[in-house]
Amino acid sequence: KELFQFLAVAINRRVSELPLRIHEDSAKKDLITKVQEKAMWYAAGFMERMPYLLQNLGRAVIALAVFAVLDWRISLMLVIAAIPRLVVNLRYNHALWLVETETAEVVRKFWYSRKFLVNHDDLTEVKLYQNVPFFVGRIQEYLGDIKDREVAAEKRYLKEQMPALLFSECITGVCVWLLASLVLGGQMAVGTFAFYFGSLVTFRLAQNELIQNIGSQFRDGKFVTDMYRAFDLEPELPVVKSTGTILSEQIKEIRFENVWFEYPFGHESDENGDSAIDKTEGPVLKGLSLRIAGGSSVGIVAENGAGKSTLMKLLCRLYDPTEGRILVNGIDIREFDLHWWQSQVGILLQNFTRYEHLNIEEAIRLGRTDGFSVDMRAVEHAARLADVLGYILSLERGFETIIGNGFEGAQNFSGGQHQKIALARLFFRQAPISIFDEPTSALDGAAEARVFDSILEEMPGATRLIISHRLYTLRKADQIVLLQDGRVLES
């Protein structure tokens, strides 16, 4: 159990450290899914089975040595008899691994479909649209696909196993006949025959266990290899290698210089059979240049798909530009220590995370890595800026209220209340660069006005970037930038 827990933590930690680009490659995502679903179990089994494998091997070698003293031909025949069964077992275990590999995407689709039947918010829409039978049918389809592949592998194994087993039994019968002929010829005593016959039975048992364990180790070893392949996945090297630089001064200027960027959307295999991302839909940003003064508030306005959210993801270094660079005080942000740089940035994503198993206080404190050691007054201040403090204090359990349904002490929050808690998390972070991606999309007009007042007036010294497709909400910003087709159209 301890080994399994160690592997589970190590695998999930490593997967979470991989860049988003890796998670967007379907082949690599399949590898990650297979590792998360299976590798932690099989890797633990691989390690735990090793002593038994050595024990089986030792027993078999000793039995063969005993027979070699009598007649080396018997030992040779026993080894030959085991080869077909071993080959069949290896082929079978390879087929099982192959099923897991080929169905990794199916497994992902299964878990997505299952989520729509168990997650409260998803299930609400599914029920209202009367789509429960559709998703139940999809789950049945996915599980049926996996079962069909497993059954096919089992059938192939049975067809191949019978001839191999028959061959092995015939060879064993020949060995018994040789021993019996020695007794009948007076060359061996009956007691000695009983000893060798017992040794043969012992060898057969050890041989069976050895073949099974070798096959299992062969299969599990492939999952261990998959695990290391996942561990070895690395982000693409940036144009400028990080030198571990950090800024010792206040941010004075952020400058985008001729920035181009395109998202990967597919993969092909190179000559070595390794997956490589090399297909794109085309650039989202097309030579974008923009200067932002430190400490100012900047509104980014654009229609959907014009590149405003991509611009912010590049600033956070979730991705690096395909061409061009982003400078802060004249330094390319790719030269900064990545962990330090991302600690200087806070962002409210349009599709923010709700953390529905946590209470309100915990969900807000997640805004800072040291958040759980910060005074409660900072949490309340962040909630006030997000226009949600009054509502929280009106709840029976206050900040200890669980955000989502299905837990003791939970409260059913509206979309706007969830968004305000996400806003409070960003206010609590107090980052030098704060990015708000459609921060009031779920709020009413009065709440929207109060939140924008907080963003523009209650964050002294911070550089604030506010993304919206509604120009009127940004009228009080220091600068408004209009994006169109991946470029700055007006500023």
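Residues numbered from 1 in each chain as written. Predicted model: local features only at pLDDT ≥ 70, side-chain atom pairs only at ≥ 80, totals over all residues. Heavy atoms only, no water.

Q: Which parts of the structure should I look at to understand the overall build of the protein?
A: Looking only at helices and strands, one finds 15 helices and 12 strands in the protein. Taken over C-alpha atoms, the radius of gyration comes to 32 Å for the protein, far larger than the 23 Å a tight globule of 491 residues would show. Based on the C-alpha atoms only, the size of the protein along its principal axes is roughly 110 × 50 × 45 Å. Relative to its full complement of 491 residues, the protein shows a buried share of 43%. A separation of at least 24 residues holds for 73% of the contacts in the protein among residues at least 6 apart in sequence. Within the structure as shown, the protein displays about 26,000 Å² of accessible surface, and the carbon and sulfur contribution to it stands at 55%. Between the centroid of the 54 positive side chains of the protein and the centroid of its 63 negative side chains there is a distance of 3 Å. (Helix = DSSP H or I, 4+ residues; strand = E, 2+ residues; numbered from the N terminus. Rg over C-alpha atoms; globule rule 2.2 N^0.38 Å. Buried < 20%, exposed > 50% of the residue type's maximum accessible area, 1.4 Å probe, protein only. Contact = heavy atoms within 4.5 Å. Areas by Shrake-Rupley, 256 points an atom, 1.4 Å probe, with all protein chains shown as cover. Lys, Arg positive; Asp, Glu negative; His and termini not counted. Charge placed at Lys NZ, Arg CZ, Asp CG, Glu CD.)

Q: Would you take a moment to explain the packing of helix α3 (residues 26-70) against helix α5 (residues 104-118) for this structure?
A: Packed helix pairs are characterised by how far apart their axes lie and by the angle those axes make with each other. Following both chains from N to C, one finds α3 and α5 inclined at 75°, their axes separated by 8 Å at the closest point. Regarding the angle of α3 to α5, the classification is roughly perpendicular. Of the residues in α5, those touching α3 at Ser-26, Lys-29, Asp-30, Thr-33 and Glu-37 are Ala-104, Glu-105, Val-107, Arg-108 and Trp-111. Classifying every residue of the contact of α3 with α5 by side-chain character gives three nonpolar, two polar and five charged. (Axes fitted to C-alpha atoms, helices over the stretch in contact; angles between N-to-C directions. Parallel < 35°, antiparallel > 145°, perpendicular 65-115°, else oblique. Nonpolar A, V, L, I, M, F, W, Y, C, P; charged D, E, K, R; others polar.)

Q: Is there a simple way to think about the side chain of Asp-437 in this case?
A: Counting through the fold element by element, Asp-437 comes out in strand β9 (residues 433-437). No salt bridge forms around the buried Asp-437; measuring N to O, its nearest opposite-charge neighbour Lys-308 is 6.3 Å away. Residues within four places of Asp-437 in sequence aside, it is in contact with Ser-309, Leu-348, Leu-349, Gln-350 and Ile-467. (Salt bridge = Lys/Arg side-chain N within 4 Å of Asp/Glu carboxyl O.)

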